[in-house]
Amino acid sequence: MLQQFLPGGRRLVEAGVLDVTKPRIIELLLITTVPVMFLAQQGVPDLTLVLLTCLGGYLSAGGANALNMYIDRDIDALMDRTSQRPLVTGMVGPREALVFGITLAVVSTLLFGLTVNWLSAWLSLGALLFYVVVYTMILKRRTAQNIVWGGIAGCMPVLIGWSAVTNSMSWAPVVLFLVIFFWTPPHYWPLSMKVKEDYARVGVPMLPVVAGNKAVAKQIVLYSWVMVGVSLLLTPMGYTGWFYTAVALAAGGWWLWEAHALLNRAKAEVTGAKLKEMRLFHWSITYVSLLFVAIAVDPFLR
């Protein structure tokens, strides 16, 4: 169907449709989903369940990302960072992206409900609606706190991973939800510092657009300390052991070192490439990967 509307043939269409789902972002979501399933199982979960949960999660997040691109196509065309997205280049048309996103939302919800459980289905649908409606349509263009509260959608995979195994909730996924909640702003704000001219051009009030580097770096340090502190709650609560604690301390300690280094450079009024804000952004991805791998490995070492 899409070939009728899009130039370039079948391979171009398939590549464009894949790009609409933002697969690199979904990789991070799955990194936080699967390890929580190991923690919930206290061992190896059913592999069919893992595959179904990952498939449902990919389809749901892909649908949310497609709808996000549909809504944001006007500003994506004006930003250097997003100027090559499929709806901007014409590889995928707005109508196709809208239909594709809605279809993925419906299919993912039914897949979760019929093959995993309905608690996971509603959590997945809630995350999709929160990202599309609350973040993209309401918060993103109106407040500098957009990524703080909009980031709740990105916290939901830990709840989904736990509920997929247990069909219930517990304090462990709530703690991990909070870890991702406090991780998201200091993960995204360094990138926003790098591309703040892009956001300023389209009137999106990301914090670095409306505040100076020093103020942003102070917020990054504040959220970072809370994030590391929350990450250490799992062990005294009895959910993890020495291995997770060691990784959380080491990775969190390095994160805090980088966050304070960024703050020191901002205080010294360093700008441009010397600010090195992307060092923390790249480390943030490594940090969350290490932390959640430790969550998966820890049950086997207790």
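Structure first, text after, so check above.
Summary of the structure given here. (Residues numbered from 1 in each chain as written. Predicted model: local features only at pLDDT ≥ 70, side-chain atom pairs only at ≥ 80, totals over all residues. Heavy atoms only, no water.)

## Comments concerning a nonpolar patch on the surface
What counts here: Distance thresholds for patches are 9 Å for like charges and 5 Å for nonpolar side chains (Val, Leu, Ile, Met, Phe, Trp, Tyr), applied to residues having over 30% relative accessible area and no salt bridge. Method for areas: the Shrake-Rupley scheme with a 1.4 Å probe, in which residue coverage is limited to the protein chains shown. What makes a salt bridge here is a side-chain nitrogen of Lys or Arg within 4 Å of a carboxyl oxygen of Asp or Glu, nothing more. Strands here are runs of E lasting at least two residues and helices are runs of H or I lasting at least four, both read from the DSSP assignment and numbered beginning at the N terminus. The rule is simple: take the accessible area with a 1.4 Å probe, protein chains only, and divide by the maximum for that residue type; under 20% is buried, over 50% is exposed, in between is partly exposed.
Taken together, the side chains of Val44, Leu47, Trp242, Val293, Val297, Phe300 and Leu301 define a hydrophobic patch exposed on the protein surface, amounting to about 690 Å² of accessible area. With respect to the helices and strands, Val293 occurs in helix H15 (residues 277-297). The exposure class of Val293 is partly exposed, given its relative accessible area of 48%.

## Details of the nonpolar core
Nonpolar side chains in soluble globular proteins generally cluster together in the buried interior. Short version of the rule: Residues enter a nonpolar core if they are buried and are Ala, Val, Leu, Ile, Met, Phe, Trp, Tyr or Cys, with the set joined through side-chain atoms within 4.5 Å. Every residue pair with non-hydrogen atoms within 4.5 Å of one another is taken to be in contact.
Ranked by size, the top nonpolar core spans 86 residues in total, and within it Trp255, Tyr287 and Phe292 carry the most contacts. Ranked by residue count, the leading element in this core is helix H10 (residues 171-194), at 13 residues. Sequence-distant contacts of Tyr287, that is, excluding residues within four places in its chain, are made with Trp183, Met227, Ser231, Ala251, Gly252 and Trp255. With 6 residues, the next largest nonpolar core counts Ala66, Met69, Leu87 and Ala97 among its residues.

## What about the side chain of Asp198?
Position of Asp198 among the secondary structure elements: in helix H11 (residues 196-202). The contact partners of Asp198, leaving out residues within four places of it in the chain, are Leu78, Met79, Asp80 and Arg81.

## Focus: the packing of helix H6 (residues 94-116) against helix H7 (residues 118-139)
This is how the line gets drawn: A fitted line through C-alpha atoms represents every axis, and for helices the fit uses only the stretch in contact; the resulting angles, taken between N-to-C directions, go from 0 to 180 degrees. Any angle between 65 and 115 degrees counts as roughly perpendicular, while under 35 counts as roughly parallel, over 145 as roughly antiparallel, and the rest as oblique. Throughout, a crossing is termed right-handed when the near helix is turned clockwise from the far one, and left-handed when it is turned anticlockwise from it by less than a right angle.
Where H6 meets H7, the axes come as close as 7 Å, and the angle between the chain directions of the two elements is 160°. As far as their axial angle goes, H7 and H6 are roughly antiparallel. The two elements H6 and H7 meet at a crossing, and its hand is right-handed. Residue-level inspection shows Ala105, Thr109, Leu110, Phe112, Gly113, Leu114 and Val116 of H6 in contact with H7, the latter providing Trp118, Ser120, Ala121, Trp122, Ser124, Leu125 and Leu128.

## Structural notes on the state of the cysteines
To keep it simple, the criterion reads: A pair of cysteine sulfur atoms is labelled a disulfide when the two atoms are within 2.5 Å.
Evaluation of the coordinates by the stated rule reveals 0 disulfides. As a non-bridged cysteine, Cys54 has Cys155 as the owner of its nearest cysteine sulfur, 18 Å distant. For Cys54, a relative accessible area of 17% translates into the label buried. The buried category is assigned to Cys155, whose relative accessible area is 0%.

## Overview of the packing of aromatic side chains
Worth spelling out the cut-off: Any two rings among Phe, Tyr and Trp, with Trp reduced to its six-membered ring, count as a pair given centres within 6.5 Å; such a pair is stacked if its planes are under 30 degrees apart, edge-to-face if over 60, and tilted if neither. We call a charge positioned over a ring when the NZ of a Lys or the CZ of an Arg lies within 6 Å of the ring centre and within 35 degrees of the ring normal.
Tallying each qualifying case throughout the model produces 10 aromatic pairs. Note on Trp242 and Phe243: the rings are 5.7 Å apart at their centroids and 85° apart in plane angle, and the pair reads as edge-to-face. Overall, the relative accessible area of 23% leaves Phe243 in the partly exposed class. An aromatic cluster of three or more residues is present, and its members are Trp149, Phe181, Phe182, Trp189 and Tyr223. A cation sits over an aromatic face here: Arg73 above Tyr70, 4.4 Å from the ring centre.

## Describing the pattern of salt bridges
Inspection of every chain in the model, using the stated rule, returns 7 salt bridges. Asp198 serves as the salt-bridge partner of Arg201, at 2.7 Å between the closest nitrogen and oxygen. With a gap of 3 residues between them, Arg201 and Asp198 both fall in helix H11, about one helical turn apart. On the basis of relative accessible area, Arg201 is assigned to the partly exposed category, the value being 45%. Accessibility expressed as a relative area gives 5% for Asp198, which makes it buried. The partner of Arg279 in a salt bridge is Glu258, and the shortest N-O contact between them spans 2.8 Å. You can see Arg279 sitting in helix H15 and its partner Glu258 sitting in helix H14 (residues 242-267), a full 21 residues away along the chain.

## Let's talk about helix H13 (residues 213-231)
Cut-off, in case you're wondering: A helix is expected to span 1.5 Å multiplied by its residue count minus one.
For H13, with 19 residues, the first-to-last C-alpha span of 26 Å sits near the 27 Å given by 1.5 Å per residue. Buried within H13 we find Asn213, Val216, Ala217, Ile220, Val221, Tyr223, Ser224, Met227, Val228, Val230 and Ser231. Against the buried residues of H13 lie helix H8 (146-150), H10, H11, helix H12 (207-210), H14 and H15.

## Considerations on the environment of Thr89
By the secondary structure assignment, Thr89 is in helix H5 (residues 86-89). Note on Thr89: relative accessible area 40%, which makes it partly exposed. Spatially, the C-alpha atoms of Thr89 and Arg142 are 26 Å apart, while their sequence positions differ by 53 residues. Here Thr89 is in contact with Ser83 and Gln84, once residues within four sequence places are set aside.

## What about the packing of helix H3 (residues 47-71) against H6?
Going by this rule: Side-chain classes follow a simple rule in which Ala, Val, Leu, Ile, Met, Phe, Trp, Tyr, Cys and Pro form the nonpolar group, Asp, Glu, Lys and Arg form the charged group, and the remainder, Gly included, forms the polar group.
At a minimum axis distance of 8 Å, the contact between H3 and H6 shows a crossing angle of 155°. As judged from the angle between their axes, H3 and H6 are roughly antiparallel. Seen along the crossing, H3 lies across H6 with a hand that is left-handed. Class assignment for the residues of the contact of H3 with H6 results in 17 nonpolar, 9 polar and no charged.

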